[in-house]
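In case you want the letters, here they are:
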Amino acid sequence: MSWNYIMKNCRPIGVALALAMLVLALPGCKQHEATATVSDQAADAIIEVPIAPVTRHPMATKLELVGTLIPVRATTVVSDVDGIIQSFPLSNRRLDFSTNDSSGTGRTESVTLGLDLGHKVRQGEVLVQIDPVDFQLNLQVAEANLEMAKRNLDDLLAWRRPEEVEQTRGAYEEAAASYQRALADLRRSEQLLSKRAISQGEYDGSLMAERTAAAAVKQAQAALKLAEAGPTRQQIAVAEAQVKTAQAEVAIRQEKLDKTTIHAPYDAVIADRYVDVGDRVTAMPRVEIMQIIDPRVLFAQIDVPERYQGHIRLDDTAEITAAGIAQPFPGRVDLINSKIDTETRTFRVRVTIDNRRELLKAGGFVHVQLPLAAATDVLAVSNEAVSFVDGRPSVFVFQDGIVRRRSVQLGMADHDSYEITAGLEPNELIVTGKTSLLADGLPVRASRPDDAPRNETPSVKQ
């Protein structure tokens, strides 16, 4: 039996016994020399393990999730009127390029760029101009109709001047005189007809003239009464309604003209632009022109597993980290959805981030750490010190060169350590590594205590 075979196939607890058997099997050796060799090799076979005292220190557990950045304010710019895009305002960006004329002489030309991706705009600044000509003409027509309605109302309220009333009275008196002549002619015609001095046709003509004159009298009389009485309330109401209708039409036309110029509703950055000069836009179906966002405040939108619903509260602080940016950002829980998604078993949380430096980009992925639990003074051991047997946690306590397995109860957990709520006392020495090689009662050799720094801001990754 070789030494290599023994070391490969024997458990550490039986190494000393195997060495003793090997010594007895070696012929031609002195007994005391063999015994000394076996003792040295048995000592070398004892496992060396790191140990450290159990200590108290602050501990915080955080939930780490991946979220998407969305702007608190984002607007898709559309047109409320149909028309052709006439122009976009010029930005402060210029494009310079060199050209050669027909003589071969080089020259530099510059083109000022219109508002486009990444350009900043202030509240009230023009975003896009739609051709306003048709809307200006419609407004002029509406204004003319309003002027006519106002004049009609003024004439109705002013009614008739005194000379107009006298003229109407004169017309009535003239009609009355004409009627008297026609009536006299009719009576003479009746007498002449009875004497057969005129024909029936001549009599009928006199009768018709009398009736026509009577109708003219009635018409003149009604006109005189109207001139003397003035307009009725109904007439004035109708004229006033016509003025209001014309005013409303002017307001509508003015509003449509105003809508040909689209202004920024707030300080923003252009995130996208979908059309260009000369393109036609319509209100229905809606044609999107551009999208603007306010990047100064962002939401980190995360989906939190259902089991943590009792741990997340409004105004909880959060820490946000993003790829390419070394410094983390502080955040605050501002929105928690009251509904759990039935498919993912998560609920949505939004964390507000101050992004006035505009280091973060909307739409990007970030890591969000949310606090779950914290304590200022807990008994804790490293993760490597805890082993599980049939799902029950335990540690190996070092006493007088021998390790003893001891069951413990765990509390908070993070990437680096477990909180021990029962089973250990402060300053007890425990094995902090190689626990898979150990068994209860096994002799070991301790290395110096593990002085590696601890992670004070642990998190639970999902």
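The following refers to the structure shown. (Residues numbered from 1 in each chain as written. Predicted model: local features only at pLDDT ≥ 70, side-chain atom pairs only at ≥ 80, totals over all residues. Heavy atoms only, no water.)

1. Quick look at unusual backbone geometry
For clarity, the cut-off: Every helix listed is a DSSP run of H or I at least four residues long, and every strand listed is a run of E at least two residues long, numbered separately from the N terminus.
Residue M284 is joined to P285 through a cis peptide bond whose omega torsion reads -5 degrees. In this structure, P285 sits in the loop between β10 (280-281) and β11 (288-305). In this model, D390 sits at a positive phi of 55 degrees, which is unusual for a non-glycine residue. Along the polypeptide, D390 turns up in the loop between β16 (387-389) and β17 (392-399).

2. Examining the nonpolar core
Applied cut-off: By nonpolar core is meant a set of buried Ala, Val, Leu, Ile, Met, Phe, Trp, Tyr and Cys residues that side-chain atoms within 4.5 Å join together. For every residue, the accessible area obtained with a 1.4 Å probe (protein chains only) is divided by the maximum for its type, and the residue is called buried under 20%, exposed over 50%, and partly exposed between those limits. The criterion used for residue contact is that any of the two residues' heavy atoms lie within 4.5 Å.
If you look at the biggest cluster of nonpolar residues, it comprises 31 residues, and the most contacted ones within it are V77, F88, L127, I289, M290 and I292. Breaking this core down by element, the ones donating at least two residues are β7 (126-130), α4 (133-158), α7 (233-258), β9 (268-273) and β11. The leading source of residues in this core is α4, at seven residues. Among residues more than four places away in sequence, those in contact with I292 are R73, A74, T75, V77, L127, P265, Y266, A268, V269, I270 and A271. In this structure, V304, A318, F347 and L370 belong to the second largest nonpolar core, which totals 23 residues.

3. A look at the side chain of N383
Relative to the elements of secondary structure, N383 occurs in the loop between β15 (365-382) and β16. Leaving out residues up to four positions away in the same chain, N383 has contacts with D414, H415, D416, S417 and Y418.

4. Remarks on the environment of T168
With respect to the helices and strands, the residue T168 is situated in helix α5 (residues 162-194). On the accessibility criterion, T168 (17% relative accessible area) is buried. It is 9.8 Å that separates the C-alpha atoms of T168 and A222, two residues lying 54 residues apart in sequence.

5. Here's the deal with a nonpolar patch on the surface
The cut-off we apply is this: Patch construction takes residues with relative accessible area above 30% that form no salt bridge. Like charges are linked within 9 Å, and nonpolar side chains (Val, Leu, Ile, Met, Phe, Trp, Tyr) are linked within 5 Å. Using a 1.4 Å probe, the Shrake-Rupley method yields the accessible areas, and only the shown protein chains count as cover for residues. Whenever Lys or Arg places a side-chain nitrogen within 4 Å of a carboxyl oxygen from Asp or Glu, that contact is recorded as a salt bridge.
Together, L95, F97, V111 and L113 give the surface a local cluster of nonpolar side chains, amounting to about 300 Å² of exposed area. Of all the secondary structure elements, the ones that give two or more residues to the nonpolar patch are β4 (90-100) and β5 (106-114). Here V111 lies in strand β5. A relative accessible area of 36% means that V111 is categorised as partly exposed.

6. Digging into the sheet that holds β7
In plain terms, the rule: Pairing between two strands is assigned when DSSP locates at least 2 bridges connecting them.
The strand order across the open sheet formed by four strands is β8-β7-β3-β10, and the pairing between neighbours is antiparallel. Two strands bound the open sheet, and with one partner strand each, they are β8 (261-263) and β10. Pairing analysis gives two bridges linking strand β3 (residues 83-87) to β10, with the strands arranged antiparallel. Bridging from a neighbouring strand, I84 pairs with R280 of β10.

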